[in-house]
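Given next are the chains, with one letter for each unit.
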Amino acid sequence: MLSIKNLHASIEGTPILRGINLEVKAGEVHAIMGPNGSGKSTLASVLAGREEYEVTEGEVLFQGKELLPLSPEDRARKGVFLAFQYPIEIPGVSTTNFLRTALNQVREYRGQEPLDAVKFLSLMKEKMALVEIDQKLLSRSLNEGFSGGEKKRNEIFQMAMLNPILSILDETDSGLDIDALRIVSNGVNKLKSDKNATIVVTHYQRLLDYIVPDFVHVLYKGRIVKSGTKELALELEEKGYDWIKEEVDSTATV
Amino acid sequence: MSKDNQILEDLNSKEYEHGWSVNFETDEAPIGLNEDIIRWISTKKEEPSWLLDWRLKAFKIWQGMTEPNWSNVNYLKMDLQALRFYSAPKQSKKPKNINEVDPELIAIYERLGISLNEQKRLQGIAIDVVLDSVSVATTFKETLGKLGIIFCSFSEAVKEHPELIQKYLGLVVPMTDNYYAALNAAVFSDGSFCYIPKGVRCPMELSTYFRINAANTGQFERTLIVADDSSYVSYLEGCTAPQRDENQLHAAVVEIYAGAHAEVKYSTVQNWFPGDKDGKGGIYNFVTKRGICAGDHSKISWTQVETGSAVTWKYPSCILKGDYSIGEFYSVAVTNNFQQADTGTKMIHIGKNTKSRIVSKGISAGKSQNSYRGQVQVMKRAHNARNFSQCDSLLMGNQCGAHTFPYIDIANPSAKVEHEATTSKIGEDQIFYCNQRGIATEDAVALIVNGYAKEVLNQLPMEFAVEAQKLLALTLEGSVG
């Protein structure tokens, strides 16, 4: 479904990604781990199409087609979803209104009729249960004055509404207490199917107790330096990242 | 029209949808301004001598005044002697009702999306339309008449209800008030008059639609709204003008009088031609709007959505004379390209326990300048006066400007005055967030801007709110990305 080949990207001339290769198939969950500054969030942003990042080399195929030439909105419409590490506040715009605009633009792109208010509301009710989100929250201004947990839950709620093919969760666990973490993870797990895939970007192993990955990749200095199964995450939890850094840095100097 | 021209016109009208003009025969005053012109206008309108005297007095006062330059706008002063002060569509006789109005005029208004037909009844809006200088038709006169409500053109009111006009004309905005108010008093051509009798709640929205059509014409209309004790009225004002290279002048006066327990809600969606992308042409909008809460427990509420005009100079104000009276001002002012707006309000607290609320939302894009100027004045005997002001600015791009000039003047120590102000930019983060959910950039801007202005838009009657939202989006088209 997603095929990243030798992806290089930089911001303001500073290279951050230096040759990422990654294959993600439908039905899979991939975890991207790594120390701070290794390029995890950059990878998420580049896939979503953030303009500040310049792709200098490589290509990304999504469902067999080039992803990088597409605008961010067209990527979203084709089914790429990014759950933000820091969800953005939009004063005066309710989550409901925001999502209705988004969903109908996505539907229009796919040649579907827009949802009328009744159908939209019933879809919302169905998805609200999934992430245990309160309707009151959805009529408030988007993310404005939300707690950390509410913001993240709202991200997963949006994901449920838009029903993406590829979901990228960028540090979704940061700022969550254990209950919120459980609720958010439950939501993500319920949305999993053999037709979609998930990339979980995280610093800690903790989230992976709840969202169990099929593959774990360690990102360091803009490259995937180690891949494995969920056991790799446990090993990282126990030993930290230093042994990997040493391994990589010593190879590099040889 | 050739096909090329048609295409060009279509393209232009995307920038400013109402930028067309219509050629029909007009009755015009000679160009220039002097006593003879004023006499000419007065004669043309078959006015009584007291009104002519009033005009001439205003003209004398105006001659002794100089054009103000304290506002934060720059423009080439107009040569008033090169302007035409009266232009009216020619009609063989005054229309008695809507069926007698020139079909060509009706076609113009239909193009503007205003149907003068009584179908409007369904929407509960009565309309008085003013084209260039004269009021063309007023709908629903009979329905309103049964309740004792008078809603007609100003000229007609002068003939039919001279006692009301003599009592209230210039009461709230005296001819000595300012340069443009004095000019208006001297040369005003027409406008709307509305009187709601004691205890009557006006069952429909009353509306005036202004349009400047002829070239080199100033539009100087006067609106006078009198809400007698315990009455209520909601009044809407819409404005458009054709697209022309030269600047056109619009200097209107609106006066509102509210008796005890009366409430007047005045909403404006101003969409005068703003000039083109290079700042050429556009309307100079120098308007004086003021209401007086004369009776106790009265209320006046101004709501304005200002999207057009090259230069706007406008401060709808409230004089809170009655005890417990309330004044409100809700404003969204958008400027793009080379537009300049200096707008705000004055709340003058005279009575005890008076309250005022100011919510101003400025949006600047392109190379425009947008200023809020507001004054809260609490007089000596205004015990327990309250004011809350909120003044927000939203910037798009890095070539525009937003300015805030709040004046607070308190002469009574029991006053409570609050002022909040914010300045923000539409963030690339916000736009990217919308994009990532599948929303295109233009729609994202519209969504964000409408969210920002929501508190004000919510004050507008439903039908106007929808139009205003579309206008905001249209005005800002292409200003991001």
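Residues numbered from 1 in each chain as written. Chains lettered and ligands numbered in written order. Predicted model: local features only at pLDDT ≥ 70, side-chain atom pairs only at ≥ 80, totals over all residues. Heavy atoms only, no water.

1. Structural notes on the overall build of chain A
The condition is simple: Helix and strand definitions here come from DSSP, where helices need a minimum of 4 consecutive H or I residues and strands a minimum of 2 consecutive E residues; each element is numbered from the N-terminal end. Atoms considered for the radius of gyration are the C-alpha atoms alone. The globule rule reads 2.2 Å times the number of residues to the power 0.38. In this scheme, a residue with accessible area under 20% of its type's maximum is buried, one over 50% is exposed, and one in between is partly exposed, where area comes from a 1.4 Å probe on protein chains only.
A tally of helices and strands in chain A yields 9 helices and 12 strands. The C-alpha atoms of chain A give a radius of gyration of 18 Å, which matches the 18 Å a tight globule of 254 residues would have. Oriented by its inertia axes, the alpha-carbon framework of chain A measures out at about 65 × 40 × 35 Å. Every one of the 254 residues in chain A was classed for burial, and the buried ones make up 54%.

2. Comments concerning the overall build of chain B
Worth spelling out the cut-off: Note on contacts: a residue pair qualifies if any of its non-hydrogen atoms lie within 4.5 Å across the two residues. Note that accessible areas follow from Shrake-Rupley with a 1.4 Å probe, and for residues the cover is restricted to the protein chains shown.
A count of helical and extended segments in chain B gives 12 helices and 23 strands. Out of the 481 residues belonging to chain B, those deemed buried represent 60%. Pairs at least 24 apart in sequence give 83% of the contacts found in chain B among residues at least 6 apart. Surface exposure of chain B reaches about 18,800 Å², of which carbon and sulfur atoms provide 49%.

3. Examining the sheet that holds strand β10 (residues 197-201) of chain A
All names here are of chain A. What counts is decided by this rule: In this analysis, strands are considered paired if DSSP registers two or more bridges between them. Between the N-to-C directions of two axes lies an angle of 0 to 180 degrees, each axis being a line fitted to C-alpha atoms and, for a helix, fitted only over the stretch in contact.
With respect to topology, 6 strands assemble into an open sheet ordered β6-β9-β10-β3-β11-β12, the strand pairing being mixed. Two strands bound the open sheet, and with one partner strand each, they are β6 (80-83) and β12 (223-228). Mean inter-strand twist for the sheet, computed between neighbouring axes without regard to direction, equals 20°. Two elements, β6 and strand β9 (residues 166-170), share 4 bridges in a ladder whose sense is parallel. What sits directly across from Leu-82, in β9, is Ile-168. In the packing of helix α8 (residues 230-239) onto the sheet, the strands contacted are β3 (29-33), β11 (215-220) and β12, and the crossing angle to β11 comes to about 45°.

4. Details of the sheet that holds strand β1 (residues 2-11) of chain A
Residues and elements named next belong to chain A. If you trace the 4 strands from one edge of the open sheet to the other, you get β2-β1-β4-β5, paired in antiparallel fashion. Each edge of the open sheet carries a strand with a single partner, namely β2 (14-24) and β5 (65-66). The sheet contact formed by β1 and β2 spans 8 bridges and is antiparallel. Each residue of the ladder has a partner; that of Leu-7, found in β2, is Ile-20.

5. Overview of helix α10 (residues 441-452) of chain B
For the α-helix, the turn length of 3.6 residues means that residues three or four positions removed from each other point alike. Residue and element names in this part refer to chain B. Heads up, the condition is: To estimate how far a helix should reach, multiply one less than its number of residues by 1.5 Å.
Compared with the 16 Å implied by 1.5 Å per residue over 12 residues, the 16 Å span of α10 between its first and last C-alpha is a close match. Counting buried residues in α10 gives 9 out of 12 residues, a clear majority hidden from the surface. All of the buried residues along α10 are Ala-444, Val-445, Ala-446, Leu-447, Ile-448, Val-449, Asn-450, Gly-451 and Tyr-452.

6. Thoughts on the packing of aromatic side chains
Quick reminder of the rule: In this analysis, rings of Phe, Tyr and Trp, with Trp reduced to its six-membered ring, are considered paired at centre separations within 6.5 Å, and the interplanar angle assigns stacked below 30 degrees, edge-to-face beyond 60, and tilted for intermediate values.
Scanning the model with the defined rule gives 17 aromatic pairs over all chains in all. On the numbers, 5.7 Å between centres and 10° between planes, the contact of Phe98(A) with Tyr433(B) is stacked. One end of the pair, Phe98(A), is in helix α3 (residues 95-109); the other, Tyr433(B), is in helix α9 (residues 428-436), on a second chain. A single burial state applies to Phe98(A) and to Tyr433(B), both of which are buried. Ring geometry for Phe286(B) and Trp313(B): centres 6.2 Å apart, planes at 85°, overall edge-to-face. In this pair, Phe286(B) is assigned in strand β13 (residues 282-293) and Trp313(B) in strand β15 (residues 311-314), connecting sequence segments 27 residues apart.

7. Describing helix α3 (residues 49-63) of chain B
Residues and elements named next belong to chain B. Taking 1.5 Å as the rise per residue, α3 with 15 residues should run 21 Å; its terminal C-alpha atoms sit 21 Å apart, in good agreement. The set of residues buried in α3 consists of Leu-51, Leu-52, Trp-54, Arg-55, Leu-56, Ala-58, Phe-59 and Trp-62. In this fold, the buried residues of α3 make contact with α2 (35-44), α6 (154-160), α8 (179-187) and β8 (222-227).

8. Focus: the state of the cysteines
Residues and elements named next belong to chain B. Our working definition: Cysteine sulfur atoms that come within 2.5 Å of each other are treated as a disulfide pair.
On inspection of all chains with the given rule, the structure shows 0 disulfides over all chains. For Cys-400, which is in no disulfide, the shortest distance to another cysteine sulfur is to Cys-391 and amounts to 15 Å. When its relative accessible area of 15% is taken as the criterion, Cys-400 is described as buried.

9. Thoughts on the packing of α3(A) against helix α6 (residues 148-162) of chain A
A packed helix pair is summarised by two numbers, namely the angle formed by the two axes and the spacing between the axes. All names here are of chain A. Test applied: Two helices that cross are described as forming a left-handed crossing if the nearer one is turned anticlockwise from the farther one by less than a right angle, and a right-handed crossing if clockwise. Just so you know the grouping, Ala, Val, Leu, Ile, Met, Phe, Trp, Tyr, Cys and Pro go in nonpolar, Asp, Glu, Lys and Arg go in charged, and all remaining residues, Gly too, go in polar.
Close contact between α3 and α6 brings their axes to 10 Å; oriented N to C, the two are set at 30°. Between α3 and α6 lies a crossing of right-handed hand. Contacts from Thr-95, Phe-98, Leu-99, Ala-102, Leu-103 and Val-106 in α3 reach Asn-154, Phe-157, Gln-158, Met-161 and Leu-162 in α6. Here the residues of the contact of α3 with α6 are counted per class, giving 8 nonpolar, 3 polar and no charged.

10. Quick word on the pattern of salt bridges
To be explicit about the condition: Salt bridge, as applied in this entry: a Lys or Arg side-chain nitrogen positioned within 4 Å of an Asp or Glu carboxyl oxygen.
With the rule as written, the count across this model stands at 26 salt bridges over all chains. Asp249(A) is paired through a salt bridge with Lys221(A); the nearest N and O atoms lie 3.4 Å apart. Of this pair, Asp249(A) sits in helix α9 (residues 242-253) while Lys221(A) sits in the loop between β11 and β12, placing them 28 residues apart in sequence. Judged by its relative accessible area of 28%, Asp249(A) falls in the partly exposed class. Bridged by salt links that share partners, the residues Arg50(A), Glu52(A) and Asp429(B) form one connected network.

11. Brief notes about the side chain of Asp170(A)
Residues and elements named next belong to chain A. To keep things clear, this is the line we draw: Under this rule, positive means Lys or Arg and negative means Asp or Glu; His and the chain ends count for nothing. Between N or O atoms, a polar contact is any pair within 3.5 Å; within protein, one atom must be a potential hydrogen donor and the other a potential acceptor, and residues adjacent in sequence are included only when both atoms are from side chains.
Inspection of the secondary structure assignment puts Asp-170 in strand β9. Within the buried core, Asp-170 has no salt-bridge partner, and the shortest N-O distance to an opposite charge, that of Lys-40, equals 7.5 Å. Within the local environment of Asp-170, its side chain forms a polar contact with the side chain of Ser-41, the two groups lying 3.0 Å apart. Among residues more than four places away in sequence, those in contact with Asp-170 are Ser-41, Ala-44, Leu-82, Ala-83, Phe-84, Gln-85 and Val-201.

12. Some remarks on the confidence of the model for chain B
All names here are of chain B. Here is the rule: The pLDDT value tells you how sure the predictor is about a given residue, anywhere from 0 up to 100.
Confidence in the prediction of chain B, expressed as mean pLDDT, is 81, and 79% of residues score 70 or more. Predicted confidence for residues 1-14 stays below pLDDT 50, and this span has 5 contacts to residues more than four positions away or in other chains. Counted against residues more than four places away or in other chains, residues 115-123, with its pLDDT under 50, gives 17 contacts.

13. Observations concerning the side chain of Ser185(A)
Residues and elements named next belong to chain A. Topologically, Ser-185 is positioned in helix α7 (residues 178-191). One polar contact links the side chain of Ser-185 to the main-chain carbonyl oxygen of Leu-181, over a distance of 2.6 Å. With sequence-adjacent residues up to four places away left out, Ser-185 is seen in contact with Leu-207, Tyr-210 and Ile-211.

14. Considerations on the interface of chain A and chain B
Heads up, the rule is: Buried area is understood as the total, over both parts, of accessible area removed when two parts are fitted together, assessed with a 1.4 Å probe.
Facing 29 residues of chain A, the contacting portion of chain B comprises 18 residues. Interface area for chain A against chain B, summed over the two sides, is near 2,000 Å², with a carbon-plus-sulfur share of 62%. For chain A, the biggest contributors to the area lost against chain B are Glu73(A), Ile88(A) and Phe98(A); these three give 23% of the whole. Taken together, chain A and chain B are joined by 2 salt bridges. Our count for the contact surface shared by chain A and chain B stands at 13 residue pairs in polar contact (both at pLDDT 80 or more). At the level of elements, α2 (72-78), β6, β7 (90-94), α3 and α6 of chain A are the ones that each hand at least two residues to the side of chain A that touches chain B. With 6 residues, α3(A) is the single largest residue contributor to the side of chain A that touches chain B. Along the lines of polarity and charge, the residues of the side of chain A that touches chain B split into 17 nonpolar, 7 polar and 5 charged.

15. As for the environment of Arg223(A)
Residue and element names in this part refer to chain A. On the secondary structure map, Arg-223 appears in strand β12. Its relative accessible area of 43% is what places Arg-223 among the partly exposed residues. Distance in space between the C-alpha atoms of Arg-223 and Lys-125 is 42 Å, their sequence separation being 98 residues. Not counting chain neighbours up to four residues away, the residues in contact with Arg-223 comprise Arg-18, Gly-19, Ile-20 and Val-218.

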